[in-house]
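Here's the letter readout for the chains.
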Amino acid sequence: MPAAPAPARPPHMFQPQPWRDRRMELILGNLLRSGVLLSAAVVLWGGSIYLFRHAHEPANYRVFLGEPSEFRTIRGVIQSVINGRGRGLIQLGLLLLIATPIARVAFSVVGFTIERDRMYVGFTLIVLAILLYSLFGSSVGV
Amino acid sequence: MTVLEFTAVVAVVSFVAGFLGSLTGLGGGVVLVPLLTLLFHVDIRYAIGASLVSVIATSSGAAAAYVKEGFSNIRIGMFLEIATTFGALLGAFLATRIPTSALAIIFGAVLLYSAYLSRKPRPVAQRNLPPDPLATRLRLNGSFPDLEGQRSYNVQHVPTGFSLMFGAGALSGLLGIGSGAVKVLAMDQAMRIPFKVSTTTSNFMIGVTAAASAGVYLSRGYVDPGLAMPVMLGVLAGSLLGSRILVKAETKSLRLVFSLVILVLGLQMLYKGFWGKI
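Cut-off values and rules
- Residues numbered from 1 in each chain as written.
- Chains lettered and ligands numbered in written order.
- Predicted model: local features only at pLDDT ≥ 70, side-chain atom pairs only at ≥ 80, totals over all residues.
- Helix = DSSP H or I, 4+ residues; strand = E, 2+ residues; numbered from the N terminus.
- Rg over C-alpha atoms; globule rule 2.2 N^0.38 Å.
- Contact = placed C-beta atoms within 7 Å.
- Buried ≥ 20, exposed ≤ 12 C-beta atoms within 10 Å, placed from the backbone.
- Nonpolar A, V, L, I, M, F, W, Y, C, P; charged D, E, K, R; others polar.
- Expected span 1.5 Å × (residues − 1).
- Bend = angle between axes of the 7 residues up to and from the residue.
- pLDDT = per-residue confidence, 0-100.
- Pairing = 2+ DSSP bridges.
- Core = buried A, V, L, I, M, F, W, Y, C linked by C-beta atoms within 7 Å.

Draft legend 1. The arrangement of the overall build of chain B in detail. Each helix and strand in chain B was counted, giving eleven helices and two strands. Reading chain B from its N end, one meets helices and strands in the order α-α-α-α-α-α-β-β-α-α-α-α-α. Relative to the 2.2 N^0.38 estimate, which gives 19 Å for 278 residues, the radius of gyration of chain B is 18 Å and therefore close to what a compact globule would have. Taking the principal axes of the C-alpha coordinates as reference, chain B spans close to 60 × 40 × 30 Å. For chain B, contacts bridging at least 24 residues in sequence account for 82% of all contacts bridging at least 6.

Draft legend 2. Representation of the overall build of chain A within the structure. Secondary structure assignment for chain A yields four helices and zero strands. Going from the N terminus to the C terminus, chain A shows its helices and strands as α-α-α-α. The buried share of chain A, reckoned over its 142 residues, is 36%. Considering only intrachain contacts with a sequence separation of at least 6, the fraction spanning at least 24 residues in chain A is 60%.

Draft legend 3. View of the environment of valine 81 of chain A. Residue and element names in this part refer to chain A. Within the element layout of this structure, valine 81 appears in helix α2 (residues 74–82). Residues valine 81 and leucine 92, spaced eleven residues apart in sequence, show a C-alpha to C-alpha distance of 7.7 Å. If sequence neighbours within four positions are ignored, valine 81 has contacts with Gly88, Leu89 and Leu92.

Draft legend 4. Here's a closer look at the interface of chain B and chain A. Contact with chain B, which involves 56 residues of that partner, is made by 59 residues of chain A. Counting residues per element, the ones that place at least two in the side of chain B that touches chain A are α1 (3–24), α3 (44–69), α4 (74–95), β1 (142–146), β2 (149–153), α9 (195–219) and α10 (225–244) of chain B. Of the residues belonging to the side of chain B that touches chain A, the class tally is 33 nonpolar, 18 polar and five charged.

Draft legend 5. View of the environment of alanine 40 of chain A. If you trace the backbone, alanine 40 of chain A turns up in helix α1 (residues 16–54). Between the C-alpha atoms of alanine 40 of chain A and glycine 93 of chain A, which are 53 residues apart in sequence, the distance is 6.6 Å.

Draft legend 6. Broad picture of α4 of chain B. Residue and element names in this part refer to chain B. With 22 residues, α4 ought to run about 32 Å at 1.5 Å a step, and its terminal C-alpha atoms sit 30 Å apart, in line with that. Roughly 35 degrees is the biggest bend found in α4, and it falls at glutamate 81. Counting buried positions over the 22 residues of α4 gives 18, a clear majority of the element.

Draft legend 7. Representation of the confidence of the model for chain A. With 81% of its residues at a pLDDT of 70 or more, chain A shows a mean pLDDT of 82. Note that pLDDT drops below 50 for residues 1–16 of chain A; the model gives that stretch nine contacts with residues more than four away or on any other chain.

Draft legend 8. Looking closely at the pairing of β2 of chain B. Bridge count between β1 of chain B and β2 of chain B: five bridges; the pairing is antiparallel. Across the sheet, serine 143 of chain B pairs through a bridge with serine 152 of chain B, a residue of β2 of chain B.

Draft legend 9. Geometry of the nonpolar core. Counting 123 residues, the largest nonpolar core has Val53, Ala228 and Met232 of chain B as its most contacted members. Per-element tally for this core: the top contributor is α3 of chain B, with 13 residues.

Draft legend 10. Expanded view of the confidence of the model for chain B. Looking at chain B, pLDDT values average 87 and 94% of them are 70 or higher. In the model output, the complex is listed with pTM 0.88 alongside ipTM 0.90.

Here you go:
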């Protein structure tokens, strides 16, 4: 008995590799957008607290002083959030934002592992190592 | 100016920059640092820190929309990210060492180059190039949906493109911008990647590249929450709106105006850098 004719497939199905990549990218794209929206919400929340408390103080960014450690280390940011500081929350939101593309790279490691693409698992791990070094290794006190 | 006034004005300016940047495809980040330093007299280091954060937001926020179009190539992106993240880390460390006047001069030069590039007609894509052995081994070649169905392409000159991307990453880390102009040079002109593929792939890469230097900036105290908040929220909202109402017909004159703005800002940055006013 002859097999039933295969249903018409969209053209991208004939490209085995891009199709899998595309599914992976869709997941990653949505992950990135959720991360950005979450971090924007946290920044907005922290910003409202900051503005509510400091609205009428003078703003001056002419002279570079550098941020105090509570706004430039992960431990400091978490501590200032616990202390209920608006600017600590903004920094937490910004840390979430920086973490978003890092999460995307981490998920790509999983994706390439599923595809059994060793070369790209290696490449992605290199990128991930650089990103993690920047976030954790370069700061004086984590 | 009080904190409230400053926040409101910076948010509006960032919104407009993000809106025009995404509408014209020239990117909003590139005008932010000069606007903050020239108009609001913000120290260039704070300006770069805030701009870098907004670059991550716009790149990652737009990624989902780009992926749906099915043009980006995740392997090209990941391979070149090795170069851009290394470069970004180097750029971020350099930024903490070189004088601000030098930063302003480099920034001015990049702005002038971006303005020039935005007026140059896009090179006509060459089709049916022979496969390059290195690109084939790295599995960089791919295909994307076109009017006539699936169109495949072969990536060329991998070492040149990789080196240029290292430079793009270094500029991004040094100046807090997406450095789309250098990416165009590397991906379109050296590697001969079709325009649609290169723009969407580089959007993916910009966020990862910026994240590599943002960690350094944050830990060095260059990211001020009071400044980064209106910049990041403004640029993000502006660019999301800009990508929704992409009207092809009217972007031509808008592009002209925006590239003139970039040109003027570039000259201003050079002037301030050379006369030590920064």
